[in-house]
Amino acid sequence: MTCDVCKTNPATVYLTQIVDGNMKKINLCESCSKEKGVSDPTGFALADLLLGLGESHQVETTPVAEQCPVCGFTQADLKKTGRLGCSECYQTFSEGLASLIKAMHKGTRHTGKIPARLYRNLARSDRLHELREHLEEAVQKEDYESAASIRDEIRQLEAEE
Amino acid sequence: MTMKIANILASPGDWLSPEAGHHPVVISSRVRLARNLAKVPFPGWAKKSERIRILDEIKPEVDALVEMQNVFSEQLNELSATEKQVLVERHLISREHAAKGMGSGVVINGAQTLSIMINEEDHLRMQAITCGLELAKTYQMIDGVDTELEAHLDFAFDPDLGYLTACPTNVGTGMRASAMVHLPGLVLSEQINQVVNSVNKIGLAVRGLYGEGTEAMGNLFQVSNQTTLGEKEEQIIDRLNKVIDTLIQRENQARENLLETKETMLMDQVGRAYGVLTHAYSVSSKEALNLLSILRLGIDLGFFPDGCRVLVNQLLMDTQPAHLQHLSKQKLAPEERDHLRADIVREKLKNFPNPPTNRRSGKKAVDPASESQ
């Protein structure tokens, strides 16, 4: 991916912001990001940068979902209240939320308690992932005997779903 | 067995009983967890009919918990404004929750150590409260409730983001752990702003008595975690414990310094607080908080026996406006409330020991009870 400003250097800084309810993305290279004063993505308005680019450098924007399919909450509601409509909104508005959550918290991944029911599911999906890797290795080594037994185990785990 | 609101309001929570371990600096520890049902609108976005349906789904499960013995369980619209306010003053419900009515509920155990708000900002806000500095134990209490509930309710959870909450500031563990600390030494020695700033800098919040945006009265502060994602519950509590330990050390240092350099000033303040509290006929809520704070400091400094601490903790609770309003059974004008407050304080402190008769010089009196603290 190349820089949206100079169109030559590879982009290393990726910015996403919600401007007037639309998701705006911009990719910058190291030197352009410095030039534009982008050091802290949270304390910086993408709109200013986009305007500063002028007409000729119109950046492609990807509009994101405007409304949550489960509860009907909109991007505008989120902007107004700072709250979400339902648990599904985290999926619906995930792109815009990612940077917000990153700025709010110590990390971006939950490492704490997991509901027991899900814990079992997660353990199973981890195991499946592991088995598929083993299967691939076995096939590569042409060890078809192991591959067959791994495949059986995978089928059994998948059947439990 | 279900309790009536009158039973709950008649006695203070177990954490205010004389048997609870009353700490010289930390008044209480609280841990709350935010949980939501998956794919159901959060309370702030749900329609009234949806909120009622959610309440009907959650409340029976909460009522059935083994932890909820002698449970008090009610819908918010069944409680009077005064009753709700008493629950706020006891930190059993939030100010926001007190404003709710139909479609919101509260479930409190008989000991008043566990309280569960239904349809506050999240579908569930569950809290445990204990006396003194007991954050890990307090977390375990509420964690048990959560584990039991999750077997019956489908909580919104994402493998990456953890528990999903109405506000992204609570996502992850959904946990807010806090301690109510009494810091008169740091306030009197004018170090408090500096200390509060440095605690804020390391990502913890320091707030006044009733949380966000409230004034720090009675030298009481709440210290809590600001972030909920990226750390395990135990890590957050460890971090909080370390900071609170440091706060306790700083507070104790400040008290020692004050004793060494300004003992007469300290004794004077304690004596005046005692004098006003035991003899006044009208005391405002703010004055009561501030004077009781100084009286408590007097206990911590050994001017009064250690056993007096629980009485001051109870008075801090009982002299708050809604508590008085509830006690009097009739609508009180503010000045009538101040009279009643003074009456209660005088009565409760009738057998409180006198402050030291003679001014001491430089040395802290040895009180056998305080040495164990």
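Residues numbered from 1 in each chain as written. Chains lettered and ligands numbered in written order. Predicted model: local features only at pLDDT ≥ 70, side-chain atom pairs only at ≥ 80, totals over all residues.

### A short note on the overall build of chain B
We count it as follows: Secondary structure elements are defined from DSSP: runs of H or I of at least 4 residues count as helices, runs of E of at least 2 residues count as strands, and each element is numbered from the N terminus. Here the globule rule is a power law, 2.2 Å times the number of residues to the power 0.38, and the radius of gyration is based on C-alpha atoms. Residue burial here comes from a neighbour count, namely the number of other C-beta atoms, placed from the backbone, that lie within 10 Å of the residue's own C-beta, with 20 or more meaning buried, 12 or fewer meaning exposed, and in between meaning partly exposed.
The secondary structure content of chain B amounts to 12 helices and 11 strands. What you see for chain B is a C-alpha radius of gyration of 21 Å, in line with the 21 Å of a compact globule of 373 residues. Taking the principal axes of the C-alpha coordinates as reference, chain B spans close to 65 × 50 × 30 Å. Counting all 373 residues of chain B, 48% fall into the buried class.

### Topic: the overall build of chain A
The helix and strand inventory of chain A stands at seven helices and two strands. Each helix and strand of chain A, placed in order from N terminus to C terminus, yields the pattern β-β-α-α-α-α-α-α-α. Looking at the 161 residues of chain A, the share that counts as buried comes to 24%.

### A closer look at the pairing of strand β3 (residues 71-75) of chain B
Residues and elements named next belong to chain B. To be explicit about the condition: In short, DSSP must find at least two bridges between two strands for them to pair.
By the bridge criterion, two bridges tie strand β1 (residues 2-3) to β3 in an arrangement that is parallel. Its bridge partner lying in β3, T2 is registered against V71. In this structure, β3 lies alongside strand β4 (residues 105-108), joined through four bridges in antiparallel fashion. Across the sheet, residue Q75 finds its bridge partner in β4, namely G105.

### Concerning the interface of chain A and chain B
The test is simple: It is the C-beta atoms, placed from the backbone, that decide contacts: two residues are in contact if theirs lie within 7 Å. Each residue is assigned to one class: nonpolar for Ala, Val, Leu, Ile, Met, Phe, Trp, Tyr, Cys and Pro, charged for Asp, Glu, Lys and Arg, and polar for all the others, Gly among them.
Across the boundary between the two partners, chain A contributes 28 residues, which contact 32 residues of chain B. The set of elements that each furnish at least two residues to the side of chain A that touches chain B consists of α5 (94-104) and α6 (116-140) of chain A. When grouped by side-chain class, the residues that make up the side of chain A that touches chain B number 14 nonpolar, nine polar and five charged.

### Some words on the confidence of the model for chain B
All names here are of chain B. Counted only if it meets this: pLDDT runs from 0 to 100 and stands for how confident the predictor is about each residue.
When the pLDDT values of chain B are averaged, the result is 91; 94% of them are 70 or greater. The secondary-structure element of chain B with the lowest mean pLDDT is β1, recorded at 73, while strand β2 (residues 26-35) shows the highest, at 97. pLDDT under 50 marks residues 362-373. Its contacts with residues more than four places away, or in other chains, come to 17 contacts. The ipTM assigned to the predicted complex is 0.84, against a pTM of 0.78.

### Quick word on the packing of helix α9 (residues 285-300) of chain B against helix α10 (residues 309-318) of chain B
Residues and elements named next belong to chain B. Going by this rule: Think of each axis as a best-fit line through the C-alpha atoms, taken over the contacting stretch in the case of a helix, with angles from 0 to 180 degrees between the N-to-C directions. Angle categories: roughly parallel below 35 degrees, roughly antiparallel above 145, roughly perpendicular from 65 to 115, and oblique for all the rest. Left-handed describes a crossing whose near helix is turned anticlockwise from the far helix by less than a right angle; the clockwise case is right-handed.
Relative to each other, α9 and α10 sit at 165 degrees, their axes nearing to 10 Å. What the angle tells us is that α9 and α10 run roughly antiparallel. For α9 against α10, the interelement crossing comes out left-handed. Note on element contacts: α10 touches α9 through R309, V312, L315 and L316, opposite L289, L292, L295, R296 and I299.

### Quick look at the environment of C131 of chain B
Residues and elements named next belong to chain B. Tracing the backbone through its elements, the reader meets C131 in strand β6 (residues 124-131). Sequence separation between C131 and K262 is 131 residues, and the spatial gap between their C-alpha atoms is 31 Å. Ignoring anything within four residues of it in the chain, the contact list for C131 reads W15, A20, G21, H22 and S28.

### Considering the sheet that holds strand β10 (residues 204-207) of chain B
The mixed open sheet is built from nine strands, whose spatial order is β1-β3-β4-β5-β6-β2-β9-β11-β10 (chain B). Strands with a single pairing partner mark the edges of an open sheet, and in this sheet they are β1 and β10 of chain B.

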